[in-house]
Amino acid sequence: MVTEKQIGWNRGEMAQKVANDIPDGSYVNLGIGIPELVADRVPEGIEVVYHTENGLLGMGTVPAAGSEDPELINAGKKCVTAIPGASYFHHADSFTMIRGGHLDISVLGALQISEKGDLANWSTGKPGAIPAVGGAMDLVAGVKNVWVITEHNTKDGKFKLVKECSFPLTGKGVVNTIYTNLAIIDVKKTGMFVREMAPGVSFEFLQEKTEIMLKQI
Amino acid sequence: MVTEKQIGWNRGEMAQKVANDIPDGSYVNLGIGIPELVADRVPEGIEVVYHTENGLLGMGTVPAAGSEDPELINAGKKCVTAIPGASYFHHADSFTMIRGGHLDISVLGALQISEKGDLANWSTGKPGAIPAVGGAMDLVAGVKNVWVITEHNTKDGKFKLVKECSFPLTGKGVVNTIYTNLAIIDVKKTGMFVREMAPGVSFEFLQEKTEIMLKQI
Amino acid sequence: MINKIVHSTSEAFVDIFDGATIMISGFGEAGSPIELIHSLIDTGAKNLTVVSNNTGSGNVGLAALIENRQVRKMICSFPRTANSTVFPELYRNNEIELELVPQGTLAERIRAGGAGIPAFFTPSSVNTPLADGKEEREFDGKLYVMEHAIKADFALVKCQSADRYGNLIYNKTARNFGPIMCTAANVTIVQAKNIVEAGSIDPETVITPGIFVNRVVQVASPADESKLVAEGRSYPW
Amino acid sequence: MINKIVHSTSEAFVDIFDGATIMISGFGEAGSPIELIHSLIDTGAKNLTVVSNNTGSGNVGLAALIENRQVRKMICSFPRTANSTVFPELYRNNEIELELVPQGTLAERIRAGGAGIPAFFTPSSVNTPLADGKEEREFDGKLYVMEHAIKADFALVKCQSADRYGNLIYNKTARNFGPIMCTAANVTIVQAKNIVEAGSIDPETVITPGIFVNRVVQVASPADESKLVAEGRSYPW
């Protein structure tokens, strides 16, 4: 049996697709999860400055084993390093960067994305779930470009690209581009445009996996 | 002929009266003019930290001739020094200190003070005058105690302690204590209470020089 | 002479009271003033409202304060993290109240509290459930929500070095909420790894000017929260 | 590679336009980017709105820009200072517009502009003529006035040292409005006494992170405004 995983891009390849699209000199915030895989995949010769909302601009690579500093972490609370030319700042200044529109790209995960670019990524709204929002609502409200990286469907095969989000929103009309294991899709006022499909994925197959009507470029 | 100047305190003595009243450990902002004379007169053993709204906490004495730095100035744009334990900060942080109620005492000059503690000190409202407010409105709105240091009357003998200010207000109901060449007067909800009079000043004489009804403690 | 140094964490809490609102610095364990929190537990103060980005992990620090039933309400952006079990359990049992605030709004509300700004407008959370019941308003064709300042009775903050004036510097991303919380509390209590001579911190590099700090206590070797959690420790020991 | 260093002050103004809003750092002469202002004069850009605490002195720097009839409107807190004659004269003749703003409100409006906060409430100026026509509102029984953010097309800022990323440190009280103005402009142009290697400014001590800066030009020996004024110089020379 051929599973979707085998047809589409894997997580590393999805992250590579995002990495390829980041313009030289960009200021980028990478969310927790698959987005964290992006930094290592940015092509040679492209300089990107990474922001982590807990107070560091110029986040570097993962530290060598043994040289971790529990007071030098990213938003996912993992140990990181700082590049030469980095800066530390407090939370109000950090969100000045976010809310004030100074960051170029925010890469986040998603539970659902609607036709209009609405994003739901913080809560399933289930009773008993502990709601936790972190910086997501600030990122989607303030960053110039919001890119979502997500599996195209849920583990049990449900749509994630939906007509209307059923989960509580993170932001309305905020998503610019969606990177899934099956395709890269630009969200525009006139609809959702498929820019690229993973090898072996046909437009018909992609549409079948998507609740909203897709358009070909 | 005996002039008021000869009867009352001189500027240095007025500043001394203010200096005597500053509690140990206070954070104080001194306005331009007579208030600048206060710092040198604080008694031995009392430590006061001076704030200047252009971005320095821990302002020190006047620099020695030849060691002035045009980038180390006070709000009056005079060269100053910084004490060991000083800090520099930008204007938004400086007014966080002021507006946020972190400073203990603001000492300012005055054009008029009303019975209710209204202060007018930034504009005579005359046509052709160039209005300039600086940090005065923030200081009176934010600092815990507002002390005014001023001649009791104008040069041409007019009242400065008036029933209602005729000049544009700096703040309404903001003045706590008034230090003039003739007396120290506390402004309370129940009226203006004379706490001390300069040598040779009688209550009757003081009242004559004051439009509002004074009360004796 | 101004001297904000106190000699023990317990001395720093002389005027703590039931029902106080307390800001606690830290993003996860980075910047969390664990020794101050343990002293707060020792005071037995109850019905606290705690403002902190997270809810602690394991059974030490903030999690232990919550586990000890001293917290009535949490105001935070991210109440569940790895190894955080105490808060989720109490929350599911309706034994603790939660005010969930987007992280940037939380930071700005604290900063506003310190800066004498009672309310401001932000685009964050507009059209989401976290804006429900809040005043919305359009500026230049875009919708914003009005948010109110947060002030506290006490702030507990961890820093790297402090002098007798209360001037502070921090360490790397452990800075996070510390500087803004120092500005927004009536009484700011700081634990510093190092106490240094006044004047030894370059005035150009002071992050928190002393005016925002009331008490400083040295904790030269603060515990590493994640190690305590890994070891399964709980406070009170 | 990111490199924000440009090689001349004139190169920094390639995209200047008539009618632009321009923030200019400085409190009196401390922090005033006099060489950048002179290059702005050279561009001949007209109908500018300038946001700066003062209006310059003598016939150099900001005063020269005003004297050259390039400024339509000043937004400032203190338009008259020692040796400032240019602005007062034009103002009395109704040849320049003035928006007078309390200094703390000016700072907060600029900070709000940079932080994505469109409006906020402040107690400053309540019950004074500077609150006339503005929305007032009570919070906890106290009256506040609503103030709007200020944003600019350009910010001209003077600093001490900068690296290729645009990270900045300042000198003493010349810091003043620089850091907040850097955040509030579309294009932030900085003149730095020193250009240093990336990494040579301790990340703990960076005052303006590079994200807020677009162009940096070295002015190794900036003119001393008060000396020029004392010498009776005027720009253009």
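Residues numbered from 1 in each chain as written. Chains lettered and ligands numbered in written order. Predicted model: local features only at pLDDT ≥ 70, side-chain atom pairs only at ≥ 80, totals over all residues. Heavy atoms only, no water.

Asks: Explain the pairing of strand β5 (residues 97-100) of chain D to me, and be specific about the residues and the numbers.
Replies: Residues and elements named next belong to chain D. Residue alternation in β5 divides its side chains into a buried set, Leu98 and Leu100, and an unburied set, Glu97 and Glu99. Summarising the sheet, strand β4 (residues 71-76) and β5 pair through four bridges and their orientation is parallel. What sits directly across from Cys76, in β5, is Leu100. (Buried < 20%, exposed > 50% of the residue type's maximum accessible area, 1.4 Å probe, protein only. Helix = DSSP H or I, 4+ residues; strand = E, 2+ residues; numbered from the N terminus. Pairing = 2+ DSSP bridges.)

Asks: Explain the side chain of Asn171 of chain D residue by residue, including any values.
Replies: Topologically, Asn171 of chain D is positioned in the loop between β10 (168-169) and α5 (178-183). Judged by relative accessible area, Asn171 of chain D falls into the buried class, the value being 14%. A distance of 2.8 Å separates a polar atom in the side chain of Asn171 of chain D from a polar atom in the side chain of Glu71 of chain B. Those residues in contact with Asn171 of chain D that lie beyond four places of it in its chain are Asp69 and Glu71 of chain B, Glu204 of chain C together with Gln160 of chain D. (Polar contact = N/O pair within 3.5 Å; in protein donor to acceptor, adjacent residues only side chain to side chain. Contact = heavy atoms within 4.5 Å.)

Asks: Explain the interface of chain A and chain C to me, and be specific about the residues and the numbers.
Replies: Contacts between chain A and chain C engage 36 residues on the former and 46 residues on the latter. Summing both partners gives a buried area of about 3300 Å² for chain A against chain C, and 63% of it is carried by carbon and sulfur. When residues of chain A are sorted by the area they lose upon contact with chain C, Glu71, His91 and Ile130 of chain A head the list and together hold 23% of the total. At the junction of chain A with chain C, the criterion picks out three salt bridges. For the salt bridge of Lys158 of chain C with Glu71 of chain A, the shortest nitrogen-to-oxygen distance reads 3.2 Å. Our enumeration of links across chain A and chain C arrives at 19 residue pairs in polar contact (both at pLDDT 80 or more). Elements represented by at least two residues in the side of chain A that touches chain C include exactly α3 (91-99) and α4 (136-142) of chain A. Among the elements that line the side of chain A that touches chain C, the one with the most residues is α3 of chain A, at four residues. Class assignment for the residues of the side of chain A that touches chain C results in 19 nonpolar, 10 polar and seven charged. (Buried area = accessible area lost by both parts, 1.4 Å probe. Salt bridge = Lys/Arg side-chain N within 4 Å of Asp/Glu carboxyl O. Nonpolar A, V, L, I, M, F, W, Y, C, P; charged D, E, K, R; others polar.)

Asks: So what's going on with the sheet that holds strand β9 (residues 161-162) of chain B? Which residues, and what values?
Replies: Residues and elements named next belong to chain B. Strand order in the open sheet formed by three strands is β7-β6-β9, and the pairing between neighbours is mixed. Of all the strands in the sheet, just β7 (119-120) and β9 have a single pairing partner and so form its edges. In terms of strand pairing, strand β6 (residues 112-114) meets β7 through two bridges, oriented antiparallel. The partner of Ile113 across the bridge, within β7, is Leu119.

Asks: Can you tell me about unusual backbone geometry, naming the residues and giving the values?
Replies: Cis geometry marks the peptide bond from Tyr235 of chain C to Pro236 of chain C; its omega dihedral reads 0 degrees. Position of Pro236 of chain C relative to the elements: it lies in the segment after α6 (225-230). The backbone phi angle of Lys77 of chain A is positive, close to 65 degrees, even though this residue is not glycine. With respect to the element layout, Lys77 of chain A can be found in the loop between β3 (56-59) and β4 (82-88). Non-glycine residue Asn94 of chain D carries a positive phi angle of around 60 degrees. One can find Asn94 of chain D in the loop between α3 (86-92) and β5.

Asks: Before we move on, can you summarise the environment of Ser52 of chain D with the specific residues and values?
Replies: All names here are of chain D. When you line up the elements, Ser52 lands in the loop between β3 (48-51) and α2 (61-67). Measuring from C-alpha to C-alpha, the distance between Ser52 and Val157 comes to 11 Å, with 105 residues separating the pair along the chain. Excluding anything up to four places from it in sequence, Ser52 contacts Ile24, Ser25, Leu62, Met74, Ile75, Cys76, Ser77, Leu106 and Met181.

Asks: Please set out the sheet that holds strand β13 (residues 214-216) of chain A residue by residue, giving values where relevant.
Replies: Strand pairing in a sheet relies on backbone hydrogen bonds, with the paired strands running either antiparallel or parallel. Residues and elements named next belong to chain A. Pairing in this open sheet of 10 strands is mixed, and the strands run β4-β3-β2-β1-β5-β8-β10-β11-β12-β13 from one edge to the other. Strand pairing shows two members of the sheet lacking a second neighbour, β4 and β13, which therefore form its edges. Across the sheet, the mean angle separating the axes of adjacent strands is 30 degrees when strand polarity is ignored. The sheet contact formed by strand β1 (residues 27-30) and strand β5 (residues 105-108) spans three bridges and is parallel. When the bridges of β5 are listed, Val28 appears paired with Ile105. Lying on the sheet, helix α2 (residues 11-21) is in contact with β5, β8 (145-149), β10 (177-179), β11 (183-188) and β12 (191-197); it crosses β8 at an angle near 160 degrees. (Axes fitted to C-alpha atoms, helices over the stretch in contact; angles between N-to-C directions.)

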